[in-house]
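Chains, contacts and geometry: an overview
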Amino acid sequence: MNAAAPATAALPLGHSDSVARGRRIPGDGHMWFMVLGDLIIFGLYFIVYMINRGMSPEAYASTQRLLNVDIGVVNTIALVTSSFFAALAVLSTKQGAPKTAVRLLYAAGACGLLFMLIKAYEWHHMAQYASIHDQFLSYYYVLTGCHLFHVTVGLTALGVAVRELRNPRKQRIEIVEQCTLFWHMVDVIWLFVFAVLYLM
Amino acid sequence: MTTQAASHNLTVLAKDRRIAFTVWITVSLITIAGGHFAPSHDSGANHRNVLVAVVVLLGFLKSLLIAHHYMDLRHAPRWLQLSTQGWLAVLWLTLLVIYYVT
């Protein structure tokens, strides 16, 4: 496939684009528009948070200390592992092994659910310190809440990929790529959330 | 697809699986190390500034690895690579600059 080929050109199951690995848009151009848009919007959230944090660093730090970094680490590994399974699912789809791909997508979804469970526990734990005057906690709940919303959308996207693969008449590779692309974006956004809220 | 082409494909896909595994291990280890050496609010300002720079550098590296390999940017057109990786670089750098300036 060359660069002039349409971005959404369908690849049949079992076909690897590795035969003629020219440049191609992974998934679909529309999905990339959404991914880049989300990365920019979240990026602006992080910039606003950092500017506000810089205005009263001590006040932010006093609540930030209450966050458990280890929980953030476990959550990061859960999402990265999920992304790993999703990437393997795309490779299995290209190899023409939809059943394996479905199992890998289930594993990716399970890691996503684990992430949500851990986040729910952390939210519950942090709620005891909640105060409308605490700006750090306000940002914490808004940033992690927006991200959690994207996790649920991402899990739905993984479900769409599973549905696609379970239908022998469909099984379009580009649909699986689009769904997993969104899921990887959720992972990348979390890397920023983890850094600015837990580590910086 | 000829037998030779199919065999070549399987070899390439096996290589891609190894790369995916290597990325997973690398990002996970960096995350664990980053959490272990996370800057404490009680540490000195200079020490903390250095650690925050390391956190940003490692975060940038992790996001690049996921974008390049898992999001398959390595096979994407140059404009898509530059816009995605460029935005990631600009954002991480902006966050670090704001941290230092404010």
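In what follows, the structure referred to is the one given above.
Here is a short report on the structure shown in this document. (Residues numbered from 1 in each chain as written. Chains lettered and ligands numbered in written order. Predicted model: local features only at pLDDT ≥ 70, side-chain atom pairs only at ≥ 80, totals over all residues. Heavy atoms only, no water.)

The subject of this paragraph is the packing of helix α5 (residues 135–166) of chain A against helix α6 (residues 173–199) of chain A. Residues and elements named next belong to chain A. Following both chains from N to C, one finds α5 and α6 inclined at 160 degrees, their axes separated by 9 Å at the closest point. By the angle between their directions, the pair α5 and α6 is classed as roughly antiparallel. Crossing handedness for the pair α5 and α6: left-handed. Residues belonging to the contact of α5 with α6 are distributed by class as follows: 23 nonpolar, five polar and one charged. (Axes fitted to C-alpha atoms, helices over the stretch in contact; angles between N-to-C directions. Helix = DSSP H or I, 4+ residues; strand = E, 2+ residues; numbered from the N terminus. Parallel < 35°, antiparallel > 145°, perpendicular 65-115°, else oblique. Left-handed = near helix turned anticlockwise from the far one by under 90°. Nonpolar A, V, L, I, M, F, W, Y, C, P; charged D, E, K, R; others polar.)

Turning our attention to the interface of chain A and chain B. Counting residues at the interface gives 53 residues for chain A and 51 residues for chain B. Between chain A and chain B, a total of about 4,600 Å² is buried, with carbon and sulfur atoms accounting for 75% of that surface. Interface area lost by chain A to chain B is led by R23, F192 and M200 of chain A, which between them contribute 14%. There are one salt bridge connecting chain A and chain B. Among the salt bridges present, the one from D72 of chain B reaches K94 of chain A, with a minimum N-O distance of 3.9 Å. At the junction of chain A with chain B, the criterion picks out nine residue pairs in polar contact (both at pLDDT 80 or more). Looking at the side of chain A that touches chain B, the elements with two or more residues in it are α1 (29–55), α2 (57–64), α3 (69–95) and α6 of chain A. (Contact = heavy atoms within 4.5 Å. Buried area = accessible area lost by both parts, 1.4 Å probe. Salt bridge = Lys/Arg side-chain N within 4 Å of Asp/Glu carboxyl O. Polar contact = N/O pair within 3.5 Å; in protein donor to acceptor, adjacent residues only side chain to side chain.)

Not every positive phi belongs to a glycine, and Q171 of chain A is a case in point at roughly 55 degrees. Relative to the helices and strands, Q171 of chain A is located in the loop between α5 and α6. Exposure remark for Q171 of chain A: the relative accessible area of 11% places this residue in the buried category. The phi torsion at D72 of chain B lies on the positive side, around 60 degrees, for a residue other than glycine. Among the structural elements, D72 of chain B can be located in the loop between α2 (45–70) and α3 (78–101). The class for D72 of chain B is buried, based on a relative accessible area of 9%. (Buried < 20%, exposed > 50% of the residue type's maximum accessible area, 1.4 Å probe, protein only.)

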